[in-house]
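Structure at a glance
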Amino acid sequence: MPFELNVFIVEDSLIQRMHAAAICTELGLHVMGEASDGNEALLLLQNSPLPDVMLIDLEMPGMDGIELIQELAHRAIPVSVIVSSAKEDALISSVETMLKAYGLPVLGAIKKPLTLPLLSKALDHFKPITKENLQTRPEVVMAASEITKALIEHQFVAYFQPKISIKTGVIKGVETLIRWQHPEKGLVMPSQFISIAEEYGLINELTMEILDLALQQCRHWHERGLKITVAINLSMLSLSNSTFAEHIAQKVASYAIDPSFIVLEITETAVMGDVGNALGTLARLRLKGFGLSIDDYGTGFSSMQQLSRIPFTELKLDRSFVDGAHAKPHLRAILASAIEIAKKLELRSVAEGVESVEDLVVLQELGCDIVQGYLTAKPMPGDEVVPWLKSNNQRLRELCKPAS
């Protein structure tokens, strides 16, 4: 560690507190305080400088560790947290996810017994924080009138994130990600305008706009010998439109692109509205040769039902199951099950949100087909894909080389 950190230990067992303090001292940390439960910790924090890190046990009498974490978040106390518990991995992992949702920096979730290597590894993730960057800033949502103006002026742009074969490191396709290049507000992310576009009946026009951009780029790549698939996301409202399949097919045909190179990604909840029309639209699209991907698999309420009634060609594993799977047995088990289902249904399995080599290795071991995430490539403008590919070819092949 580059500098000494101040640590506050919250643990009801005196022996466990002494053990944790000894490890901290051995690592060169300064133990600035100890408490036997959450109430005592909050009381002591009122009258002393804030620590850099709090090492918190989950199961304590009085205010337990989970309640303490919630209080820290509620009071916007700028402190990094390490959770330590003897409870099962799934519970520890859920608390870690809760920490992230609250915006508290989480350095690690350690299953007891606490050891020097485990604590040292968690502390490697430490970065100084302030109260300002801890507090969540509400995301600005764009007005429908601005979206309409942006459509007229063609302010929307396409970014593309490569999808890589986990066996060879070869690019197999890209996912198209819509962005709004606002003349005054800069690059606006889809979370700030997609829901408004759906609410005000603009989503079909927006989908066609991004489809045009994706097809232009696909045509450009194909003419230069880069025969990759291009995926775009579809909204539930578009699926409910009985003429939507024909509009998509006509648009793709106008670019002389075979529909088999276009993958339409549908979130699990996207077919839950007008089921009849949605299923009809998807069936017609598949009949015309388009690929269909069930996006964010495992995050909805009816994954199995969706797989049984829609002719998918691809199963996309949600990032919430991928990130950290190497260290979380329950996530690995979920991934193994989903990948096995994909194999039995003869679907491609695509893991999104791959950000570490360790998680990549797990996916290789489980037999996943395609990976997508910051480990292999960030989203980029279309004209950057080929230069990126030329400079990263060897790296990708090495990265995806099976362990001997």
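That block above? That's the structure.
Below or above, wherever it landed, is the structure these notes cover. Predicted, not measured: the structure shown is a model, and the values here were computed from it.

Regarding the packing of helix α9 (residues 203-223) against helix α11 (residues 244-254)
Taken N-terminus to C-terminus, the directions of α9 and α11 make an angle of 25 degrees; their axes are 10 Å apart at the nearest point. In terms of their interaxial angle, α9 and α11 are classed as roughly parallel. Crossing of α9 over α11 shows right-handed handedness. Here Asn204, Thr207, Met208, Leu211, Asp212 and Leu215 of α9 come into contact with α11, specifically with Phe244, His247, Ile248, Lys251 and Val252.

Examining helix α17 (residues 385-399)
Because each turn of an α-helix spans 3.6 residues, side chains separated by three or four positions in sequence point in the same direction. The end-to-end C-alpha separation of α17 is 18 Å, well short of the 21 Å expected for 15 residues at 1.5 Å each. Its maximal kink placed at Asn392, α17 deviates by approximately 60 degrees. Taken together, the buried positions of α17 are occupied by Val385, Trp388, Leu389, Asn392, Leu396 and Leu399.

Comments concerning the pattern of salt bridges
All chains considered together, the criterion is met by 18 salt bridges. We note a salt bridge from Glu175 to Lys316, for which the minimum N-O separation is 2.7 Å. Of this pair, Glu175 sits in strand β7 (residues 171-182) while Lys316 sits in strand β12 (residues 314-317), placing them 141 residues apart in sequence. The residues Glu175 and Lys316 share a single accessibility class, namely buried.

Focus on the sheet that holds strand β3 (residues 53-57)
An order of β2-β1-β3-β4-β5 is seen for the five strands of this open sheet, with the pairing classed as parallel. Two strands close off the open sheet at either side, each with one partner strand: β2 (30-35) and β5 (106-111). Strand-to-strand twist across the sheet, computed as the mean angle between neighbouring axes with direction ignored, equals 15 degrees. The sheet contact formed by strand β1 (residues 6-10) and β2 spans five bridges and is parallel. Bridge pairing in β2 links Val10 to Ala35.

Comments concerning the packing of aromatic side chains
According to the stated counting rule, one finds four aromatic pairs in the structure shown. Where Phe156 meets Trp180, the ring centres are 5.1 Å apart and the plane angle is 45 degrees; that geometry is what we call tilted. Here the residue Phe156 occupies a position in strand β6 (residues 156-165), and Trp180 occupies one in strand β7, the gap between them amounting to 24 residues. With a centroid separation of 5.6 Å and an interplanar angle of 85 degrees, the aromatic rings of Trp180 and Phe193 are classed as edge-to-face. Here Trp180 is found in strand β7, whereas its partner Phe193 is found in the loop between β8 (186-188) and α8 (194-199), with 13 residues between them in sequence.

Regarding the pairing of β3
For β3, the buried fraction is high: five of the five residues fall into the buried class. The side-chain alternation of β3 yields two buried faces, one formed by Val53, Leu55 and Asp57 and the other by Met54 and Ile56. Where β1 and β3 come together, four bridges link them in parallel fashion. By the bridge assignment for β3, Ile9 is matched with Leu55. Examined bridge by bridge, β3 and strand β4 (residues 80-85) share five bridges and lie parallel to one another. Bridging from a neighbouring strand, Val53 pairs with Ser80 of β4. Once you follow β3 into helix α3 (residues 65-74) and on to β4, the crossover reads as right-handed.

What to know about unusual backbone geometry
Excluding glycine, most residues fall at negative phi; most peptide bonds, likewise, are trans. A cis amide bond links Lys112 with the next residue in sequence, Pro113, at an omega value of 10 degrees. Looking at the secondary structure, you find Pro113 in the loop between β5 and α5 (116-123). With phi around 55 degrees, Ala256 is a residue other than glycine that occupies positive phi space. Its place among the elements puts Ala256 in the loop between α11 and β10 (262-267). The phi dihedral of Glu346 falls on the positive side, at around 60 degrees, and the residue is not glycine.

Considerations on helix α1 (residues 14-26)
Look at α1: 18 Å from first C-alpha to last across 13 residues, which is about the 18 Å you get at 1.5 Å a residue. Residues of α1 that are buried include every one of Arg17, Ala20, Ala21, Ile23 and Cys24, and no others. The arc that holds the buried residues of α1, viewed along the axis, is 160 degrees, so those residues lie on one side. Summarising the geometry of α1, the exposed residues directed more than 90 degrees from the buried face are Leu14, Ile15, Met18, Thr25 and Glu26. After α1 finishes, the residue Gly28 shows a positive phi value of roughly 85 degrees.

Here's the deal with the pairing of strand β13 (residues 348-352)
Most of β13 is tucked away: four of the five residues are buried. Bridge analysis of β12 against β13 gives four bridges, and the strand direction is parallel. Note that in β13 the partner of Lys316 across the bridge is Val350. Where β13 lies against strand β14 (residues 370-372), three bridges are found, and the strand directions are parallel. Paired with Glu352 across the two strands is Gln372, which belongs to β14. Following the chain from β13 across helix α16 (residues 357-366) to the adjacent parallel β14, one finds a crossover that is right-handed.

Basis of the calculations
- Residues numbered from 1 in each chain as written.
- Predicted model: local features only at pLDDT ≥ 70, side-chain atom pairs only at ≥ 80, totals over all residues.
- Heavy atoms only, no water.
- Axes fitted to C-alpha atoms, helices over the stretch in contact; angles between N-to-C directions.
- Helix = DSSP H or I, 4+ residues; strand = E, 2+ residues; numbered from the N terminus.
- Parallel < 35°, antiparallel > 145°, perpendicular 65-115°, else oblique.
- Left-handed = near helix turned anticlockwise from the far one by under 90°.
- Contact = heavy atoms within 4.5 Å.
- Expected span 1.5 Å × (residues − 1).
- Bend = angle between axes of the 7 residues up to and from the residue.
- Buried < 20%, exposed > 50% of the residue type's maximum accessible area, 1.4 Å probe, protein only.
- Salt bridge = Lys/Arg side-chain N within 4 Å of Asp/Glu carboxyl O.
- Pairing = 2+ DSSP bridges.
- Phe/Tyr/Trp six-rings, centres within 6.5 Å; stacked < 30°, edge-to-face > 60°.
- Right-handed = clockwise from strand over helix to strand, strands pointing away.
- Arc of directions from axis to C-beta.

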